[in-house]
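What the coordinates show
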Amino acid sequence: MVQDLKTDVLVIGAGPAGSMTAKWAAKNGAKVLMIEKRQEIGSPVRCGEGMSKEWLTEVGIKPGKWINVEVEGARIYSPREQVFEINEKSAGNEVGYVVERDGFDKQLAIDAANEGVDVVLKTAAVEILKDHGKVVGAKVKQSGQAFDIRAPITIGADGFESQVGRWAGLPTNLALRDMDTCLQYRMTNVESDVRYCDFYLGKVAPGGYVWIFPKDEGVANVGIGVQVSQVKTTAEARKYLDAWIAKHPGYAKGKKIDMVGGGVSISPPLKQTVLDGFMLVGDAARMIDPLTGGGIANGCIAGKICGEVAANAVHGGDTSAVFLQAYERGWRGRLEEKLYRNWLAKEKLCTISDETFDKLIDALQGVKLQKLNVHNILKAVHEKYPEVTKEFEAFL
Amino acid sequence: MPSKKSLHIEASGQLCIYCGACVGICPLNCIYLDETRITFDENICTRCEICVKACPVGAIEIGAAPSLPR
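Residues numbered from 1 in each chain as written. Chains lettered and ligands numbered in written order. Predicted model: local features only at pLDDT ≥ 70, side-chain atom pairs only at ≥ 80, totals over all residues.

**A closer look at the overall build of chain B**
Summing up its helical and strand segments, chain B has two helices and four strands in all. Element order for chain B, N to C, with α for helix and β for strand: β-α-β-β-α-β. The C-alpha atoms of chain B give 11 Å as radius of gyration, which agrees with the globular expectation for 70 residues (11 Å, within 12%). Oriented by its inertia axes, the alpha-carbon framework of chain B measures out at about 35 × 25 × 20 Å. Counting only residues that meet the buried cut, chain B has 39% of its 70 residues in that class. Excluding contacts between residues fewer than 6 apart, the proportion of contacts in chain B whose partners are at least 24 apart in sequence is 62%. (Helix = DSSP H or I, 4+ residues; strand = E, 2+ residues; numbered from the N terminus. Rg over C-alpha atoms; globule rule 2.2 N^0.38 Å. Buried ≥ 20, exposed ≤ 12 C-beta atoms within 10 Å, placed from the backbone. Contact = placed C-beta atoms within 7 Å.)

**Some points on the pairing of strand E6 (residues 73-77) of chain A**
Residues and elements named next belong to chain A. Here E6 pairs with strand E7 (residues 83-87) via five bridges, running antiparallel. Across the sheet, residue Tyr-77 finds its bridge partner in E7, namely Val-83. Linkage of E6 to E7, two consecutive antiparallel strands, is achieved through a turn of five residues, within which Glu-81 is found at a positive phi near 65°. Of the strand pairs in this sheet, E6 and strand E15 (residues 196-200) are connected by five bridges, and their pairing is parallel. Among the inter-strand pairings, Ala-74 is bridged to a residue of E15, identified as Cys-197. (Pairing = 2+ DSSP bridges.)

**Let's talk about the nonpolar core**
It is characteristic of soluble globular proteins that their nonpolar side chains tend to be buried jointly. Membership of the largest hydrophobic core comes to 143 residues, with the highest contact counts inside it found for Val9(A), Ile155(A), Ala310(A) and Cys22(B). The element contributing the most residues to this core is helix H7 (residues 296-316) of chain A, with 12 residues. Excluding anything up to four places from it in sequence, Ala310(A) contacts Val9(A), Thr21(A), Ala25(A), Ala30(A), Ile153(A), Ile155(A) and Met279(A). (Core = buried A, V, L, I, M, F, W, Y, C linked by C-beta atoms within 7 Å.)

**Quick look at the packing of H7(A) against helix H8 (residues 321-349) of chain A**
Residue and element names in this part refer to chain A. In contact at an axis separation of 9 Å, H7 and H8 are set at 160° when each is read in the N-to-C sense. When the axes of H7 and H8 are compared, the pair comes out roughly antiparallel. Two packed elements cross with a definite hand, and for H7 against H8 that hand is right-handed. In this structure, H7 contributes Asn-298, Ile-301, Ala-302, Ile-305, Cys-306, Val-309 and Ala-313 to the contact, and H8 contributes Phe-323, Leu-324, Ala-326, Tyr-327, Gly-330, Trp-331, Arg-334 and Leu-335. (Axes fitted to C-alpha atoms, helices over the stretch in contact; angles between N-to-C directions. Parallel < 35°, antiparallel > 145°, perpendicular 65-115°, else oblique. Left-handed = near helix turned anticlockwise from the far one by under 90°.)

**Focus: the interface of chain B and chain A**
Size of an interface, as often reported, equals the accessible area lost when the parts are brought together. Contact with chain B, which involves 20 residues of that partner, is made by 26 residues of chain A. For the side of chain B that touches chain A, the elements supplying multiple residues, two or more each, are helix H1 (21-25), strand E2 (31-34) and helix H2 (50-54) of chain B.

**Re the domain arrangement of chain A**
Residue and element names in this part refer to chain A. Per the domain assignment, the segments making up chain A are domain 1 (5-61 + 101-174 + 269-343), domain 2 (69-97 + 175-265) and domain 3 (347-395). Each of domain 2 and domain 3 was reduced to a C-alpha centroid, and the two centroids are 21 Å apart. The interface of domain 2 with domain 3 comprises 17 residues on the first partner and 11 residues on the second. For the side of domain 2 that touches domain 3, the secondary structure elements donating two or more residues are E7 and helix H2 (88-91). Its residues assigned to classes, the side of domain 2 that touches domain 3 comprises six nonpolar, seven polar and four charged. (Domains from an automatic or database assignment. Nonpolar A, V, L, I, M, F, W, Y, C, P; charged D, E, K, R; others polar.)

**Considering H8(A)**
Residue and element names in this part refer to chain A. In this model H8 runs just 36 Å from its N-terminal to its C-terminal C-alpha over 29 residues, more than 12% under the 42 Å that 1.5 Å per residue would give. At Leu-335, H8 is bent by approximately 55°, the largest bend along its length. Taken together, the buried positions of H8 are occupied by Leu-324, Tyr-327, Trp-331, Leu-339, Asn-342, Ala-345, Lys-346 and Leu-349. (Expected span 1.5 Å × (residues − 1). Bend = angle between axes of the 7 residues up to and from the residue.)

**Quick look at helix H10 (residues 374-384) of chain A**
All names here are of chain A. If you check which residues of H10 are buried, you get Ile-377, Leu-378 and Val-381. One side of H10 holds all its buried residues, which, seen down the axis, span an arc of 95°. Looking at the buried positions of H10, the neighbouring elements they touch are helix H9 (354-363) and helix H11 (386-389). (Arc of directions from axis to C-beta.)

**Some points on the sheet that holds strand E4 (residues 50-52) of chain A**
All names here are of chain A. Judged by pairing direction, the sheet is antiparallel, and its three strands sit side by side in the order E4-E8-E5 without closing on themselves. Single-partner strands in this sheet number two, and they are E4 and strand E5 (67-70). Neighbour-to-neighbour, the strand axes of the sheet open up by a mean angle of 35°, direction not taken into account.

Set out below in structure tokens:
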């Protein structure tokens, strides 16, 4: 019989959002236990491994060995493969790194451990414990043995496939149009360009895109996201990705050395992320940017806020949902407006034809954008194809 | 005809890449991922087949009996 455990803050899941939450809670004086159900933090990787970089200093992450490539820009390809290039000069700091996600996740867990966080592997939450409606910890299984971990604050950071949020009582269910099903190969002997992350739009990936993220010379992550509501048969993500690769000789000749799958939420922000004694963070809280599919930055930014609020709640002896509103206000203030705006843009982009995509990219030829956002792109398109922007008047 | 709910649902151990896409989309929260193994709570599952659509590699199948390559 394993003894039950007690801690101030229990973090479920040791991905980036979990480790950031744990680190900042510990840094602010809380006793933190972070559990991870897998045997290795960061592995298997479930990510395209591209991320922006301007937010790293905000949350206290130092660049490390986990960076594979620092790209100069992004290239967006229309269905007829006309290119719109976004680089740092034309688009501010939106572009960034291609990373080794398992190394990144491990580094964040090390940072958390260095602040005093206890990290326990092979330990899965199987139930949320409640007392008079308040979350008081979780029942966990470790190497076949079940025991309780009790904590005044429990945090769900269990990723896209989150169950603890729903067990606790927060509805995190997704509409089919608010999820992309994704598949990626790491390929070698391909003609990718280490200076760019490439994105291919249109019917090649309904409701998503094909991405090429360079890992090294001749090595790249080649992946796809397809909106689940547009899926008609089984294994559709793989069929679309294989079809795209077959049509591109620079990739068709490549060899696959790795295969990664996953779900990505492309939903509006949740209405609620706190309960008495409980907070939800990162992909589990549907914080992924619905336009780009990127979740690391938002998870880390919200994680820092979540950790700080958790420590304050423990110190003040008030772990009620009312007190935890500080987290709700904090992450929403920082992220919500953009999440909602990008969800609206995604809703629109998922419906437009290849012909319209072609016109959008064509209209952007030679245009220098001061800042890359939906509004500025549409303004530029409006000058050349006013009839195209009619569909997007709500954004202008 | 047996009712849909009496049909067996499983993820092929051969095809599944244990990515968790099905777990996240399941409207009844009745799919579990344990390291490299997907399991269904067949008492709760209504065989709505949303997970079948969400699976990027076509690993989930619903049929009269266990039939997939393991």
